[in-house]
Protein chains: 2
Amino acid sequence: MVIYDITDNKRRGKLVKLLEGYGKRVQKSAFEMILNQKQYDELISKIPLYIIQEDNVRIYKLRLEGEVLAWGSNLTQDEEVVII
Amino acid sequence: MVIYDITDNKRRGKLVKLLEGYGKRVQKSAFEMILNQKQYDELISKIPLYIIQEDNVRIYKLRLEGEVLAWGSNLTQDEEVVII
């Protein structure tokens, strides 16, 4: 799971394009993705190239048995409660 | 971990106030929190009262051995890489 706080539209747009190659956008500032080790390593090597100090990007490694609860509308139209 | 997409300032502000009672804000739209089962149950019973259908709130239950990587500035001034 990747979340980001990037005020600059251009930098944020570029990061979004990068992340779209790896997973699905679930909120304006959040992507969920299922990655193998190679993809994960690749992604974390690229992210620092897309951002500057004032930005903030966080990656959470979730276990497969991790649980997600969701309310309200959803960019991906998933079911209300999903188990990943 | 709680993330939210809420365009309405008033509703978002109220939800932020609620979440501040449970954990720390790590991005504009994200909180991390360590909760016992009672607090967790309490929180997920309250969230639906704070939002409407057009909003989106997601809760990720992370294992204690979950890993977080972070780049750039951070609202909480944590170290760059934290293990939760």
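Please read these numbers as outputs of a predicted model, since none were measured by experiment.

A short note on the packing of aromatic side chains
The description of an aromatic ring pair uses the distance of the two centres, along with the angle that the planes make with each other.
Residue and element names in this part refer to chain A.
For step 1, the next point in the chain: The full count for this structure, using the stated rule, is two aromatic pairs over all chains.
For step 2, the next point in the chain: Measuring from centroid to centroid gives 6.4 Å for Tyr4 and Phe31, while their planes differ by 35°, and the two rings are tilted. Of the two residues, Tyr4 sits in strand S1 (residues 2-5) while Phe31 sits in strand S3 (residues 30-32), which places them 27 residues apart along the sequence.
For step 3, the next point in the chain: Judged by its relative accessible area of 0%, Phe31 falls in the buried class.
For step 4, the next point in the chain: Of note, Lys61 hangs over the ring of Tyr40, and the distance from its end group to the ring centre comes to 4.7 Å.

As for helix H1 (residues 9-20) of chain A
The periodicity of an α-helix, 3.6 residues per turn, causes residues three or four places apart in sequence to face the same way.
Residue and element names in this part refer to chain A.
For step 1, the next point in the chain: For H1, with 12 residues, the first-to-last C-alpha span of 16 Å sits near the 16 Å given by 1.5 Å per residue.
For step 2, the next point in the chain: Buried within H1 we find Arg11, Leu15, Val16, Leu18 and Leu19. Around the axis of H1, the buried residues are gathered within 160° of arc, so they sit on the same side. Facing away from the buried side of H1 by more than 90 degrees, the exposed set consists of Asn9, Lys10 and Lys17.
For step 3, the next point in the chain: The elements touched by buried residues of H1 are S1, strand S2 (24-27), S3, helix H2 (37-50) and strand S4 (56-61).

Some remarks on the relation of the copies chain A and chain B
For step 1, the next point in the chain: Rotating chain A by 180° and moving it 0.0 Å along the rotation axis overlays it on chain B with an RMSD of 0.0 Å. The symmetry that links the two subunits is that of a two-fold axis. Relative to the rotation axis, the C-alpha of A:Leu62 is the closest in chain A, positioned 3.1 Å from it.

Observations concerning the pattern of salt bridges
For step 1, the next point in the chain: In the structure shown here, the tally under the stated rule is 10 salt bridges over all chains.
For step 2, the next point in the chain: Where A:Lys46 meets A:Glu42, a salt bridge forms, and the shortest distance between an N and an O atom there is 4.0 Å. With A:Lys46 and A:Glu42 both in helix H2 and four residues apart, this pair spans about one turn of that helix.
For step 3, the next point in the chain: Given the relative accessible area of 29%, A:Lys46 is considered partly exposed.
For step 4, the next point in the chain: Residues B:Arg11 and B:Asp55 are paired through a salt bridge, measuring 2.7 Å at the closest nitrogen-oxygen approach. Taken as a pair, B:Arg11 in helix H1 (residues 9-20) and B:Asp55 in the loop between helix H2 (37-50) and strand S4 (56-61) lie far apart in primary sequence, 44 residues in all.
For step 5, the next point in the chain: Classification of B:Asp55 as buried rests on a relative accessible area of 0%.

Here we look at the interface of chain A and chain B
For step 1, the next point in the chain: Residue-level contacts link 39 residues of chain A with 38 residues of chain B.
For step 2, the next point in the chain: For the chain A and chain B pair, buried surface summed over both sides reaches about 3,500 Å², with 50% attributable to carbon and sulfur atoms.
For step 3, the next point in the chain: Of all residues in chain A, A:Gln27, A:Arg58 and A:Trp71 bury the most surface against chain B, accounting for 23% of the area lost on that side.
For step 4, the next point in the chain: Applying the counting criterion to the chain A and chain B interface returns two salt bridges.
For step 5, the next point in the chain: With its nearest N and O atoms 2.6 Å apart, the salt bridge here joins A:Arg58 to B:Glu32.

Rules used throughout
- Residues numbered from 1 in each chain as written.
- Chains lettered and ligands numbered in written order.
- Predicted model: local features only at pLDDT ≥ 70, side-chain atom pairs only at ≥ 80, totals over all residues.
- Heavy atoms only, no water.
- Phe/Tyr/Trp six-rings, centres within 6.5 Å; stacked < 30°, edge-to-face > 60°.
- Helix = DSSP H or I, 4+ residues; strand = E, 2+ residues; numbered from the N terminus.
- Buried < 20%, exposed > 50% of the residue type's maximum accessible area, 1.4 Å probe, protein only.
- Lys NZ or Arg CZ within 6 Å of the ring centre and 35° of its normal.
- Expected span 1.5 Å × (residues − 1).
- Arc of directions from axis to C-beta.
- Contact = heavy atoms within 4.5 Å.
- Least-squares fit on C-alpha atoms with pLDDT ≥ 70 in both.
- Salt bridge = Lys/Arg side-chain N within 4 Å of Asp/Glu carboxyl O.
- Buried area = accessible area lost by both parts, 1.4 Å probe.

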